[in-house]
Amino acid sequence: MAKSSKLVVAKKGRVLMVRRKRDGLWMFPGGQRRARESDRSCLRREIKEELPKLKLGPLKLWKEVKARKSRTGRRMSDAIFLAKKVSGQLKVGDKKEIDRAVWRKPRGARLTPTSRYIRDKLFPR
């Protein structure tokens with residue numbers, strides 16, 4: 001199982017992104033898995049915490065990514081889920097962690113390493 005889960009959803013050429021408050025980097029929403037929590041339930045819980053007004057349709061596992069960060073050597077393990085349908089408002093719930101949520105084009109933002117990997121694989125130039 002992955003250590004964290006991420007959500008990727010695209011609508012009209014834009015993707016759902018959230019901005020981390022601590023460093024201003026943009027990322028696909030999601031977060032850390034808790035003990036005895038499945039990747040899918042982790043993602044649903046994280047979305048409920050970060051974007052409480054957002055309603056998710058069915059989730060499909062796209063890929064599990066395991067890698068090491070080149071600068072720190074830290075291991076990454078993420079379950080990446082795709083959703084075709086979402087509805088509701090982009091109201092930020094966890095304001096300590098996330099300061100903004102928007103639909104934006106996948107290019108032109110400073111992204112976390114995992115989000116950059118996802119963008120490059122799912123939305124190539």
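Since the structure is predicted, the reported quantities are computational estimates derived from the model, not experimental observations.

(A) Quick peek at the overall build of the chain. Helix and strand content of the chain: two helices and ten strands. Tracing the chain from N to C terminus, the helices and strands come up as β-β-β-β-β-α-β-β-β-β-β-α. Over its C-alpha atoms, taken along the principal directions, the chain stretches across nearly 35 × 35 × 30 Å. For the chain, with 125 residues in total, the buried portion stands at 44%. Counted over contacts in the chain with a minimum sequence separation of 6, partners at least 24 positions apart contribute 64%. On the chain, roughly 7700 Å² of surface is accessible, and the fraction owed to carbon and sulfur atoms is 49%. Between the mean site of the 40 positive side-chain charges and the mean site of the 12 negative ones, the chain shows a separation of 5 Å.

(B) Here's a closer look at the sheet that holds strand 1 (residues 4–8). Within the open sheet, the four strands sit side by side as 5-1-8-7. Their pairing is mixed. Only two strands of the sheet have a single partner each, and these edge strands are strand 5 (30–32) and strand 7 (59–68). Between one strand axis and the next, the sheet turns by 20° as a mean value, whatever way the strands run. Relative to strand 8 (residues 75–83), strand 1 runs parallel, the two being bridged by five bridges.

(C) Highlighting the nonpolar core. Ranked by size, the top nonpolar core spans 18 residues in total, and within it L7, L54, L56 and L59 carry the most contacts. Where this core is concerned, the elements lending two or more residues are strand 3 (14–20), helix 1 (39–50), strand 8 and strand 10 (98–104). With three residues, strand 8 is the single largest residue contributor to this core. Every residue in contact with L59, bar those within four places of it in the chain, is listed here: L7, R40, L43, R44, F81, L82 and A83. If you look at the next biggest cluster of nonpolar residues, it comprises eleven residues, including M17, W26, V65 and I80.

(D) Structural detail: the packing of aromatic side chains. The final tally for this structure, using the stated rule, is zero aromatic pairs. Over the ring of W26 we find R104, and its NZ or CZ is 5.2 Å from the ring centre.

(E) Summary view of helix 1. Between its first and last C-alpha atoms helix 1 spans 16 Å; for twelve residues at 1.5 Å apiece the expected length is 16 Å, and the two agree. Taken as a whole, helix 1 has its buried residues at D39, C42, L43, R45, E46, I47 and E50.

Reading guide: rules and limits
Residues numbered from 1 in each chain as written. Predicted model: local features only at pLDDT ≥ 70, side-chain atom pairs only at ≥ 80, totals over all residues. Heavy atoms only, no water. Helix = DSSP H or I, 4+ residues; strand = E, 2+ residues; numbered from the N terminus. Buried < 20%, exposed > 50% of the residue type's maximum accessible area, 1.4 Å probe, protein only. Contact = heavy atoms within 4.5 Å. Areas by Shrake-Rupley, 256 points an atom, 1.4 Å probe, with all protein chains shown as cover. Lys, Arg positive; Asp, Glu negative; His and termini not counted. Charge placed at Lys NZ, Arg CZ, Asp CG, Glu CD. Pairing = 2+ DSSP bridges. Axes fitted to C-alpha atoms, helices over the stretch in contact; angles between N-to-C directions. Core = buried A, V, L, I, M, F, W, Y, C linked by side-chain atoms within 4.5 Å. Phe/Tyr/Trp six-rings, centres within 6.5 Å; stacked < 30°, edge-to-face > 60°. Lys NZ or Arg CZ within 6 Å of the ring centre and 35° of its normal. Expected span 1.5 Å × (residues − 1).

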